[in-house]
Amino acid sequence: MKNDVIITISRQFASGGRTIAKKLANELDLPYYDNELITLAAKESGYNEEFFENAEEKANNKFLYYLSSGLGNVSSWGTDIALDDKLFLIQADVIRSVAAKGSCIIVGRCADYVLAGNPNCINIFIYSDIDHRIERAKNDYHLEAPNLKDAIVKSDKKRATYYNYYSDMKWGQKENYHLMISSDSIGIDHSVKLLKEYVELFLGNK
């Protein structure tokens, strides 16, 4: 790509957002980061990947102090900051690092907030109606929860809680994104096509 573009994709659970992100990465021939961020964060920090995968989405009052104060290396913070908060900040460092290397697609993990102010960023939110999400959870994810609707809503609440705390913004609020797409209204492949065209227009307008 002639100019760098960092595409962050946030999504409702079972909306097809991850599939769209992967297909878009293939279409644009861009590096794709999702669980790969966990691997990189674990390698850089020395923490086991399991810590990042299972970290409770919570934070203590000292987190905002450390985030706003711009204190240096994470390793220098010792025990004053909660482990979950430290893990988030390690991931944030990794997100900034991969974005600094050039064009890429990053899924979730508050990447839109972490990279706020980066002029090369396009922030996308993928959503879908609950019936389509239930079907996708069954057919694509092979989930068999007794009540899939409740499980999906619970997963969204978990993502929202995580995002709302660490970003101090509201997950899914239109002002946080350049484009919001209802994946069920036009389908996965057309969503990818629309995003590809948007990226081309974005780059052409720089």
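Residues numbered from 1 in each chain as written. Predicted model: local features only at pLDDT ≥ 70, side-chain atom pairs only at ≥ 80, totals over all residues. Heavy atoms only, no water.

> Describe the overall build of the chain, and please don't skip the residues or the numbers.
Across its full length, the chain holds 10 helices and five strands. Here the chain, with 206 residues, has 45% of them falling under the buried criterion. Residue pairs at least 24 apart in sequence account for 71% of intrachain contacts in the chain once pairs closer than 6 positions are excluded. About 11,100 Å² of surface is accessible on the chain, with carbon and sulfur atoms providing 48% of the total. (Helix = DSSP H or I, 4+ residues; strand = E, 2+ residues; numbered from the N terminus. Buried < 20%, exposed > 50% of the residue type's maximum accessible area, 1.4 Å probe, protein only. Contact = heavy atoms within 4.5 Å. Areas by Shrake-Rupley, 256 points an atom, 1.4 Å probe, with all protein chains shown as cover.)

> Describe in detail the state of the cysteines, supporting the description with residues and values.
Simply put, the disulfide is a covalent bond whose two ends are the sulfur atoms of two cysteines. In total, this model carries zero disulfides according to the counting rule given. The thiol sulfur of Cys104 is not disulfide-bonded, and the nearest other cysteine sulfur, from Cys121, lies at 8.1 Å. Accessibility expressed as a relative area gives 1% for Cys104, which makes it buried. (Disulfide = S-S within 2.5 Å.)

> Lay out the nonpolar core in plain terms, naming residues and giving numbers.
In terms of nonpolar packing, the biggest core is built from 26 residues, with Ile6, Leu37, Phe88, Ile95, Ile106 and Leu115 touching the most fellow members. Elements with a contribution of two residues or more to this core: helix 2 (36–45), helix 5 (83–100), strand 3 (104–107), helix 6 (111–114), strand 4 (121–127) and helix 8 (148–167). In terms of residue count, helix 5 provides more of this core than any other element does, eight residues in total. Dropping the residues within four chain positions of it, Ile106 is found in contact with Ile6, Ile7, Thr8, Ile9, Tyr33, Leu37, Ile95, Val98, Ala111 and Leu115. Within the second largest apolar cluster, 23 residues are counted, among which are Ile9, Leu28, Tyr32 and Leu195. (Core = buried A, V, L, I, M, F, W, Y, C linked by side-chain atoms within 4.5 Å.)

> Any chance you could break down the side chain of Ser15 for me, citing the residues and the numbers?
Note that Ser15 resides in the loop between strand 1 (6–11) and helix 1 (17–28). Relative accessible area serves as the criterion here: at 0%, Ser15 is assigned to the buried category. Of note is the side chain of Ser15, whose polar atom sits 2.8 Å from the backbone oxygen of Gln12. (Polar contact = N/O pair within 3.5 Å; in protein donor to acceptor, adjacent residues only side chain to side chain.)

> Would you mind going over helix 7 (residues 130–139) in detail, with residue names and values included?
The set of residues buried in helix 7 consists of Arg133, Ile134, Arg136 and Ala137. The buried residues of helix 7 all sit within an arc of 165 degrees when viewed along its axis, so they share a single face. Where helix 7 is buried, its residues meet helix 8, helix 9 (183–186) and helix 10 (188–204). Backbone nitrogen of Asp131 and a side-chain oxygen of the N-cap are separated by 3.1 Å at the start of helix 7; the cap is Asp129. (Arc of directions from axis to C-beta.)

> Describe in detail the side chain of Asp112, supporting the description with residues and values.
Mapping Asp112 onto the fold places it in helix 6. The side chain of Asp112 is buried and forms no salt bridge, while Arg11, the nearest opposite charge, is found at 9.7 Å. Once residues lying within four places of it in the same chain are set aside, the contact partners of Asp112 are Thr8, Ser10, Asn123, Tyr163, Met169, Asn176 and Tyr177. (Lys, Arg positive; Asp, Glu negative; His and termini not counted. Salt bridge = Lys/Arg side-chain N within 4 Å of Asp/Glu carboxyl O.)

> I'd love a proper account of the confidence of the model for the chain, names of residues and values included.
Of all residues in the chain, 83% have pLDDT values of 70 or greater, and the mean over the chain is 85. For residues 56–77, every residue scores under 50 in pLDDT, and the model assigns this stretch 37 contacts once sequence neighbours within four places are set aside. (pLDDT = per-residue confidence, 0-100.)

> Give a detailed account of the pattern of salt bridges, specifying residues and quantitative values.
One pass over the full model with this rule turns up eight salt bridges. Between Asp34 and Arg18 there is a salt bridge whose closest N-O contact spans 2.4 Å. Of the two residues, Asp34 sits in the loop between strand 2 (32–33) and helix 2 while Arg18 sits in helix 1, which places them 16 residues apart along the sequence. A salt bridge links Arg96 to Asp93, with the shortest nitrogen-to-oxygen separation between them at 2.8 Å. Of this pair, Arg96 and Asp93 both sit in helix 5, three residues apart, which is roughly one turn of the helix. Relative accessible area serves as the criterion here: at 38%, Arg96 is assigned to the partly exposed category. Judged by its relative accessible area of 32%, Asp93 is partly exposed. One connected set of salt bridges, linked through shared partners, spans Arg18, Asp34 and Arg109.

> Describe the sheet that holds strand 3, naming the residues involved and giving the relevant values.
What the five strands build is an open sheet, ordered 2-3-1-4-5; its pairing is parallel. Both edges of this open sheet fall to strand 2 and strand 5 (179–182), since each of them pairs with a single strand only. Bridging between strand 1 and strand 3 involves four bridges; their strand directions are parallel. Paired with Ile6 across the strands is Cys104, a residue of strand 3. (Pairing = 2+ DSSP bridges.)

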